[in-house]
Amino acid sequence: MPEAGDVPDDASIPDESAVYRRITLEWYKVDPSMGDRRLTTAAFSDLGDAMSVAIGVDLEAGGHEPAEVVANHPGYGLVALPVDELRRLGLGVVRSAIDGEVCHGDVYGKKTRSTKKKLRDLAEQRWILKPASPDDDPEQPDADGE
Amino acid sequence: MTAAIRDGRKLISEREWVASSHETSSAVTPTRGTTSEVPEKIFGSAFTPTPTRPDEVTIRVTPSAQARLERAFREMQSFAVLDAGWDSYGARLVQSDAILQTLRLLAVVFNTREDIADPMIVPTSEGGVQIEWDRDDVHLELEVRPSLEVDVYWERPDGETWEGPLQNSQPSLLRFLQRLD
């Protein structure tokens, strides 16, 4: 596993796993120059000294689906970020359970703008669920096809 | 045109958007003038508003820029009413001053570069505003922090990148916008 230097990193979280981050519709907006919605780099900023995520391997161990991360956050989307890619960017992942989110974790390490752009590009390829938008087709089936 | 924010942050008044097409900007289009003709500052009076009232700021724009700026303002009105924690991770309230600062920044962009598409405008978790362009694999973003400082990041298709603070200088901003050409 690549060294993350002084960045906190829990080696028991495997490289081949993923972490999940909720995405508000405010961060998935129509780009006027493209006419399509896209994800902003602003979705991958620290608040304090780390970026909150859910630890995928812990969700799996608890028998939870990734989509449950947004169960209490109607309308929010969800992206996956591969742990090995985070470590390749010099970031580290640690567990930090909080009330109501036992699989909560933090991604530590400096999120330069270049890093945030890389995280954005990674996440754009790994949508679990896109945020619900007012222009969504109400006739469109939901994730369960109902 | 005058943008106003009432009661701290909760209400940005639309009625202040009185058409003022006679109020044209003194900005000079770079292609028609020399660099020395381009107003030097992006933000007047340092980084503080120059209001006729404590909670409003007048922004001078060209008639063609006015509609674009109004659209941007309406979009940012929605940021001003977001509750704390709006990102589900403890995001801070978006600061009214950051919205007004972004308006000033966009006024310069729209006054001087009519050919550049409107940017995507998003709130940031720390309470600021970010504007972004993705054009032909060129990425340019300007983040107005709650402190009203502005950070710039651009990335070219060949992987070349630059990030750092934006000087309070229109020629400097215009050079960054040229990255989108």
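Residues numbered from 1 in each chain as written. Chains lettered and ligands numbered in written order. Predicted model: local features only at pLDDT ≥ 70, side-chain atom pairs only at ≥ 80, totals over all residues. Heavy atoms only, no water.

Asker: How do you make sense of the packing of aromatic side chains when you look at a structure like this?
Answerer: The geometry of an aromatic ring pair is captured by two quantities: the separation of the ring centres and the angle between the planes. Residues and elements named next belong to chain B. Summed over the entire model, instances satisfying the criterion amount to 3 aromatic pairs over all chains. Consider the rings of W162 and F176, whose centres lie 5.2 Å apart with planes at 35°: the pair is tilted. Here W162, found in strand 8 (residues 161–165), pairs with F176, found in helix 3 (residues 170–177); they are 14 residues apart in sequence, far enough to count as distant. On the basis of relative accessibility, which here comes to 35%, the residue W162 falls in the partly exposed class. Given a relative accessible area of 10%, F176 falls into the buried group. (Phe/Tyr/Trp six-rings, centres within 6.5 Å; stacked < 30°, edge-to-face > 60°. Helix = DSSP H or I, 4+ residues; strand = E, 2+ residues; numbered from the N terminus. Buried < 20%, exposed > 50% of the residue type's maximum accessible area, 1.4 Å probe, protein only.)

Asker: Even after reading the chapter, I still don't get the confidence of the model for chain A, so can you show me in this structure?
Answerer: Close inspection of predicted coordinates is inappropriate in any region flagged by low pLDDT. Confidence along chain A averages 91 in pLDDT terms, with 90% of residues attaining 70 or more. A low-confidence stretch, residues 141–146 of chain A stays under pLDDT 50, and its non-local contacts, those more than four residues away or across chains, total 1 contact. (pLDDT = per-residue confidence, 0-100. Contact = heavy atoms within 4.5 Å.)

Asker: I'm lost on the nonpolar core in this one. Help?
Answerer: As a rule of thumb, nonpolar side chains are buried together in soluble globular proteins. Ranked by size, the top nonpolar core spans 69 residues in total, and within it I23, F44 and L81 of chain A together with L105, W133, L173 and L177 of chain B carry the most contacts. The biggest single contributor to this core is helix 2 (residues 96–112) of chain B, with 10 residues. If we ignore the near neighbours within four places in the chain, the residues touching W133 of chain B are R38 of chain A together with V109, I116, A117, D118, P119, V138, H139, L140, L142, L177 and L180 of chain B. L59, V69, Y76 and C103 of chain A belong to the second largest nonpolar core, which has 10 residues in total. (Core = buried A, V, L, I, M, F, W, Y, C linked by side-chain atoms within 4.5 Å.)

Asker: Whenever I open this one, the packing of helix 1 (residues 63–80) of chain B against helix 2 of chain B confuses me. Can you help?
Answerer: When two helices pack together, their arrangement is given by the angle between the helix axes and by the axis-to-axis distance. All names here are of chain B. With their axes 10 Å apart at the nearest point, helix 1 and helix 2 run at an angle of 160° to one another. Comparing their axes, helix 2 and helix 1 come out roughly antiparallel. In the crossing of helix 1 with helix 2, the sense of the turn from one axis to the other is right-handed. Facing helix 1, whose interface residues are A65, R68, L69, A72, F73, M76, F79 and A80, helix 2 presents I99, T102, L103, L106, A107, F110 and N111. Across the contact of helix 1 with helix 2, the residue classes tally to 12 nonpolar, 2 polar and 1 charged. (Axes fitted to C-alpha atoms, helices over the stretch in contact; angles between N-to-C directions. Parallel < 35°, antiparallel > 145°, perpendicular 65-115°, else oblique. Left-handed = near helix turned anticlockwise from the far one by under 90°. Nonpolar A, V, L, I, M, F, W, Y, C, P; charged D, E, K, R; others polar.)

Asker: Is there a simple way to explain the sheet that holds strand 8 of chain B in this structure?
Answerer: The strands making up a sheet associate through hydrogen bonds between their backbones, and the pairing can be parallel or antiparallel. Residue and element names in this part refer to chain B. The sheet built from 5 strands is open, its strands ordered 4-5-6-7-8 with antiparallel pairing. The open sheet has two edge strands, strand 4 (120–123) and strand 8, and neither has a second partner. Across this sheet, the average inter-strand angle for adjacent strands is 15°, counted without regard to direction. One ladder, built from 5 bridges, connects strand 7 (residues 150–155) with strand 8; its direction is antiparallel. Note that in strand 8 the partner of V152 across the bridge is G164. Running over the sheet, helix 1 touches strand 4 and strand 5 (129–135) and is turned about 20° from strand 4. Sitting on the sheet, helix 2 is in contact with strand 4, strand 5, strand 6 (138–144) and strand 7, with an inclination near 35° to strand 5. (Pairing = 2+ DSSP bridges.)

Asker: What is the right way to read the sheet that holds strand 8 (residues 127–129) of chain A from this model?
Answerer: Residues and elements named next belong to chain A. The strand order across the open sheet formed by 6 strands is 6-7-4-1-5-8, and the pairing between neighbours is antiparallel. Both outer strands of the open sheet, strand 6 (92–95) and strand 8, are each paired with one neighbouring strand and no more. Here the average twist between neighbouring strands, direction ignored, is 40°. Bridge count for strand 1 (residues 18–23) against strand 5 (residues 77–82) is 6 bridges, and the pairing is antiparallel. Bridging across to strand 5, A18 finds its partner in P82. Packing of helix 3 (residues 113–124) onto the sheet brings it into contact with strand 4 (50–55), strand 5 and strand 8, and relative to strand 5 it is tilted by some 110°.

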